[in-house]
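Topology and contacts: notes
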Amino acid sequence: MTQRSDDSRRRSPDRSATGRGPAVYTAFGLAAEAEPLPPGLHVVATPIGNLKDVSFRALATLAAADAVLAEDTRVTRTLLAHYGITTPLVAYHEHSGEGVRDRMIARMQGGEALALVSDAGTPLVSDPGFKLVQAAIAAGLAVTPIPGPSAAITALVAAGLPTDRFFFEGFLPQKSGARRNRLAALAAIPGTLVLFEAPHRLPEMLTDAAEVLGGTRPAAVARELTKLFETVRRGALSALADEYAASGPPKGEVVVVIGTAPEDAPGPEHDADLDARIEAALARHSIKDAASLVADETGLKRREVYARALVLARRGDDAGEA
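Reading the values: the criteria
- Residues numbered from 1 in each chain as written.
- Predicted model: local features only at pLDDT ≥ 70, side-chain atom pairs only at ≥ 80, totals over all residues.
- Heavy atoms only, no water.
- Salt bridge = Lys/Arg side-chain N within 4 Å of Asp/Glu carboxyl O.
- Helix = DSSP H or I, 4+ residues; strand = E, 2+ residues; numbered from the N terminus.
- Buried < 20%, exposed > 50% of the residue type's maximum accessible area, 1.4 Å probe, protein only.
- Pairing = 2+ DSSP bridges.
- Axes fitted to C-alpha atoms, helices over the stretch in contact; angles between N-to-C directions.
- Contact = heavy atoms within 4.5 Å.
- pLDDT = per-residue confidence, 0-100.
- Patch = residues over 30% accessible without salt bridge, like charges linked within 9 Å, V, L, I, M, F, W, Y side chains within 5 Å.
- Areas by Shrake-Rupley, 256 points an atom, 1.4 Å probe, with all protein chains shown as cover.
- Phe/Tyr/Trp six-rings, centres within 6.5 Å; stacked < 30°, edge-to-face > 60°.

1. Section: the pattern of salt bridges
- Tallied over the entire structure, the rule returns 14 salt bridges.
- A salt bridge links Arg-302 to Glu-211; the nearest nitrogen and oxygen atoms lie 3.6 Å apart. Of this pair, Arg-302 sits in helix H11 (residues 302-321) while Glu-211 sits in helix H7 (residues 202-213); the two residues are 91 residues apart in sequence, bridging distant segments of the chain.
- Classification of Arg-302 as partly exposed rests on a relative accessible area of 28%.
- Looking at Glu-211, the relative accessible area reads 18%, which means it is buried.
- Ionic pairing is found between Glu-297 and Arg-277, a salt bridge with its closest N-O pair at 3.1 Å. On the criterion of sequence distance, the pair formed by Glu-297 in helix H10 (residues 287-298) and Arg-277 in helix H9 (residues 272-282) is long-range, its members being 20 residues apart.

Below, the structure is given as structure tokens:
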């Protein structure tokens, strides 16, 4: 049942001109007609695994849009077909150039409503779409968010770690050296860290995180959220690193959540003498070798010294650039 609106912002497209019938979607075995959409870009969150997690508003938007801009049209076609939606699909991904964006902007300026989706979850969160949203805003077009599932938030609330302050990092660098440098930069953030990771890199990433951030930090690895084989493994970061080093990479989508260091955890962060030792060693050796030497001299855990050495080395690099 649809209430027709006289709001001038809403548009009743002539779907007969394109061979399309009314904007319809099917839920619970019943067909519903979607109301017309105002022109502009509609950023639509879609399920991260379980198709039942889609909202009625998202379905209505996808059905009423003139086109759905999808990161991978094959993935989105499955969702649309499940709910009986026949809206045309247009590929829009990280390799889409300025020309594609210009054509989409022109379509919206001509009065069309376009829906933007990612493969799963909320668009723009470690997914393409930011440049299109930015271009739409610059052109004075309306950008309407249709909220819904997010893998980052789903993992955060399932991890059992503090949620009052958190930092979403997305994917860390693929190479260990760059990854450790980035982890060292994240070490001082006073909140829970939320990261995405490819399953084949998870064991190495957890090992790097344990060494740089400290193995006592509480953490969780969430896999295949909302799907049939959903699992959430919780424990100290070092224990999770050891567990996945032994079992090997898991299958499926992965989100890693890492809490702050326990307040009573010993650490070398504010030891001036230690800093002096590390800086002296860094003047002659690599970060890895300097950490090993200082750890042997002081009896401290190598991962703690290594984490501090990364911070000091980064600080020196920043000072040199300035």
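Next comes the rest of the write-up.
2. Some thoughts on the sheet that holds strand S10 (residues 218-223)
- If you walk across this open sheet you meet the five strands as S8-S9-S12-S10-S11, and the pairing is mixed. On the outer flanks of this sheet lie strand S8 (166-171) and strand S11 (231-236), each paired with one strand and no other. Strand-to-strand twist of the sheet, defined as the mean angle between neighbouring strand axes without regard to direction, takes the value 15°.
- Strand direction decides the pairing type here: S8 and strand S9 (residues 192-197), joined by five bridges, are parallel. Counted as the bridge partner of Phe-171 is Phe-196 from S9.
- Against the sheet, helix H8 (residues 237-247) engages S10, S11 and strand S12 (254-258), with an angle of about 125° to S11.

3. Some details on the confidence of the model for the chain
- Of the residues in the chain, 89% have a pLDDT of 70 or more, and the chain-wide mean is 88.
- pLDDT under 50 marks residues 1-13. Its contacts with residues more than four places away, or in other chains, come to 24 contacts.

4. Topic: the environment of Leu-202
- The residue Leu-202 is located in helix H7 in this model.
- You can call Leu-202 buried: its relative accessible area is 0%.
- Sequence separation of Leu-202 and Gly-248 is 46 residues, and the distance between their C-alpha atoms is 8.6 Å.
- Discounting residues that sit within four places of it in the chain, Leu-202 has contacts with Glu-197, Val-221, Tyr-244, Pro-250, Val-254 and Val-256.

5. Focus on a nonpolar patch on the surface
- Taken together, the side chains of Ile-153, Val-157 and Phe-166 make up a nonpolar region of the molecular surface, amounting to roughly 280 Å² of accessible area.
- By secondary structure assignment, the location of Phe-166 is in strand S8.
- Its relative accessible area of 40% is what places Phe-166 among the partly exposed residues.

6. Comments concerning the pairing of strand S6 (residues 113-117)
- Burial within S6 is extensive, with five of its five residues counted as buried.
- Going residue by residue along S6, you find Ala-113, Ala-115 and Val-117 tucked away on one face and Leu-114 and Leu-116 tucked away on the opposite face as well.
- As paired elements, strand S3 (residues 40-44) and S6 share four bridges and run parallel to each other. Residue pairing across strands places Gly-40 opposite Ala-113, the latter belonging to S6.

7. What about the packing of aromatic side chains?
- A full pass over the atoms with the stated rule returns three aromatic pairs.
- Seen in terms of ring centroids, Phe-28 and Phe-56 are 6.0 Å apart; in terms of plane orientation they differ by 55°. Their pairing is tilted. Highlighted residues: Phe-28 in the loop between strand S1 (24-27) and strand S2 (30-33) and Phe-56 in helix H1 (residues 56-64), separated in sequence by 28 residues.
- For the pair Phe-168 and Phe-196, a centre-to-centre distance of 5.0 Å together with 70° between the ring planes defines the contact as edge-to-face. Of the two residues, Phe-168 sits in strand S8 while Phe-196 sits in strand S9, which places them 28 residues apart along the sequence.

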